[in-house]
Amino acid sequence: MAINRIQFQPGMSLAEFLSRFGTEAQCADAIRQARWPEGFRCPRCASAEHYVVGHGSRKLFQCNACRHQTSLTAGSLMEHSKLPLSKWLLAIYLISQAKTGLSALAMKRQLGVSYPTAWLLHHKINRAMTAQDRQERIGGAVQLDDAYLGGERPSSQGQAGRGSPNKVPFVAAVSVNARGCPMHLKLEPLSGFSAKAIAQWATASLRPGTVVFSDGLACFAAVKEAGCIHHPKVVGDLKPRELPEFKWVNTVLGNLKTTLAGAYHALKYAKYAQFYLAAFAYRFNRRFDLRALVTGLIADVANCQPIRECVVRSHAEARF
Ligand SMILES: [Zn+2]
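Residues numbered from 1 in each chain as written. Predicted model: local features only at pLDDT ≥ 70, side-chain atom pairs only at ≥ 80, totals over all residues. Heavy atoms only, no water.

**So, the sheet that holds strand E5 (residues 168-176)**
The strand order across the open sheet formed by five strands is E6-E5-E4-E7-E8, and the pairing between neighbours is mixed. The open sheet has two edge strands, strand E6 (182-189) and strand E8 (229-233), and neither has a second partner. Neighbour to neighbour, the strand axes of the sheet diverge by 25° on average, direction disregarded. (Pairing = 2+ DSSP bridges. Helix = DSSP H or I, 4+ residues; strand = E, 2+ residues; numbered from the N terminus. Axes fitted to C-alpha atoms, helices over the stretch in contact; angles between N-to-C directions.)

**What about the coordination of the zinc ion?**
Within the protein, the atoms that donate to the zinc ion are Cys42 (SG), Cys45 (SG), Cys63 (SG) and Cys66 (SG), at distances of 2.3 Å. Considering all four donor atoms around the zinc ion, angles at the metal cover 101 to 117° and the coordination shape is tetrahedral. According to the relative accessible area criterion, Cys63 is buried, its value standing at 0%. (Donors = N, O, S within 2.8 Å, 3.2 Å for Na, K, Ca; no water. Tetrahedral: all angles 85-135°; square planar, octahedral: opposite > 155°, others 65-115°. Buried < 20%, exposed > 50% of the residue type's maximum accessible area, 1.4 Å probe, protein only.)

**Some words on unusual backbone geometry**
The bulk of non-glycine residues show a negative phi, and the bulk of peptide bonds are trans. In this model, Ala46 sits at a positive phi of 70°, which is unusual for a non-glycine residue. Even without glycine at this site, Arg67 takes up a positive phi of about 70°. Within the element layout of this structure, Arg67 appears in the loop between strand E2 (60-63) and strand E3 (69-71).

**Focus on the sheet that holds E2**
In space, the three strands of this open sheet follow the order E1-E2-E3, with antiparallel pairing throughout. Here the strands that pair on one side only, and so sit at the sheet edges, are strand E1 (50-53) and E3. Here the strands of the sheet are splayed against their neighbours by 30° on average, with no regard to which way each runs. As paired elements, E2 and E3 share three bridges and run antiparallel to each other. By the bridge assignment, Gln62 is partnered in E3 with Gln69.

**Digging into helix H3 (residues 85-97)**
Spanning 13 residues, H3 covers 18 Å between terminal C-alpha atoms, matching the ideal 18 Å at 1.5 Å per step. Extensive coverage of H3 is indicated by the burial of 10 of its 13 residues. Every buried residue of H3 is accounted for by Leu85, Trp88, Leu89, Leu90, Ala91, Ile92, Tyr93, Leu94, Ile95 and Ser96. (Expected span 1.5 Å × (residues − 1).)

**Some thoughts on the packing of helix H1 (residues 14-21) against H3**
At their nearest, the axes of H1 and H3 sit 11 Å apart, and the two run at 150° to each other. It follows from the interaxial angle that H1 and H3 lie roughly antiparallel. The two elements H1 and H3 meet at a crossing, and its hand is right-handed. Residues Leu14, Phe17 and Phe21 of H1 form the contact with H3, whose participating residues are Leu89, Leu90 and Tyr93. When grouped by side-chain class, the residues that make up the contact of H1 with H3 number six nonpolar, no polar and no charged. (Parallel < 35°, antiparallel > 145°, perpendicular 65-115°, else oblique. Left-handed = near helix turned anticlockwise from the far one by under 90°. Contact = heavy atoms within 4.5 Å. Nonpolar A, V, L, I, M, F, W, Y, C, P; charged D, E, K, R; others polar.)

**Some points on the nonpolar core**
In this structure, Leu89, Ile125, Phe170, Leu187 and Val301 are the most contacted members of the largest nonpolar core, which totals 73 residues. The dominant element in this core, judged by the number of residues it contributes, is helix H8 (residues 269-285), at 10 residues. Membership of the second largest hydrophobic core comes to 22 residues, among which are Tyr148, Val171, Ala173 and Ala226. (Core = buried A, V, L, I, M, F, W, Y, C linked by side-chain atoms within 4.5 Å.)

**Brief notes about the pattern of salt bridges**
All chains considered together, the criterion is met by seven salt bridges. Between Asp29 and Arg32 there is a salt bridge whose closest N-O contact spans 3.2 Å. With Asp29 and Arg32 both in helix H2 (residues 24-35) and three residues apart, the pair spans about one turn of that helix. Between Lys233 and Glu245 there is a salt bridge, and its shortest N-O distance comes to 3.1 Å. Of this pair, Lys233 sits in strand E8 while Glu245 sits in the loop between E8 and helix H7 (247-263), placing them 12 residues apart in sequence. Three or more residues are tied together by salt bridges with common partners; here these are Glu16, Arg20 and Arg291. (Salt bridge = Lys/Arg side-chain N within 4 Å of Asp/Glu carboxyl O.)

This is the structure:
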């Protein structure tokens, strides 16, 4: 049996992670490197000249030019957090390596923190993944399908916007290379399967010229408004789930279902759907290099804008 090189790649062991990021000083160095790869720049006046007060995670950088003081975490997702940096980085590591996702409860146990702390940490790291993944558009040949969170997928086309308030419609799009292998993934909740929603989504998520393969659901034709080429496949009244044109998008949707079942309990889909989906896509899009996934996520968290706890908790997002 051929070994799947992606599934069997070694990744970064816990032992290696702890040897590189096990102390506060190591974590502080990693965050400084992620935030200022070219060396410190004052966030107020962009001057490089500075001196350092304190040490470790409590380090303050004082600008020589304007006297502004800033910390390693000020202006980042970790701002005002009472958690040691080593716990933040361990949480990032655990999320990055968990193939089928990681529940907040599992994180609570692994980090030795309270459940509310683990929950908040989990959500904040998901925010960083969402912000980063949203910046990247996919292109080439793309398999597109409609799906729902919080319920079974529709058995026939044209059942958009069905019932339950906790049921969230979303689109799944997988780009496929010339050899037919899946490359990149986009998952995005929509207000419903309307032409307007698909046109907006395609503009934000697909590069112009993308060749889109979908079933005959009428709204998918709106990808043309984003400069894409559309190839609808109509097979009677059924969704052509078994056809090769849709093999990878269906495989990904199956894996997503497994991950959500294992990692997230009592899901409030309508409230947090985009973050669950984006975190899954983030990891999928970086699966070719699980070692770089760790350091990349540390950098994405270190460079993500701060978000207050009350915003995380109340975030119903205007898009719903
Ligand atoms: Zn300054």
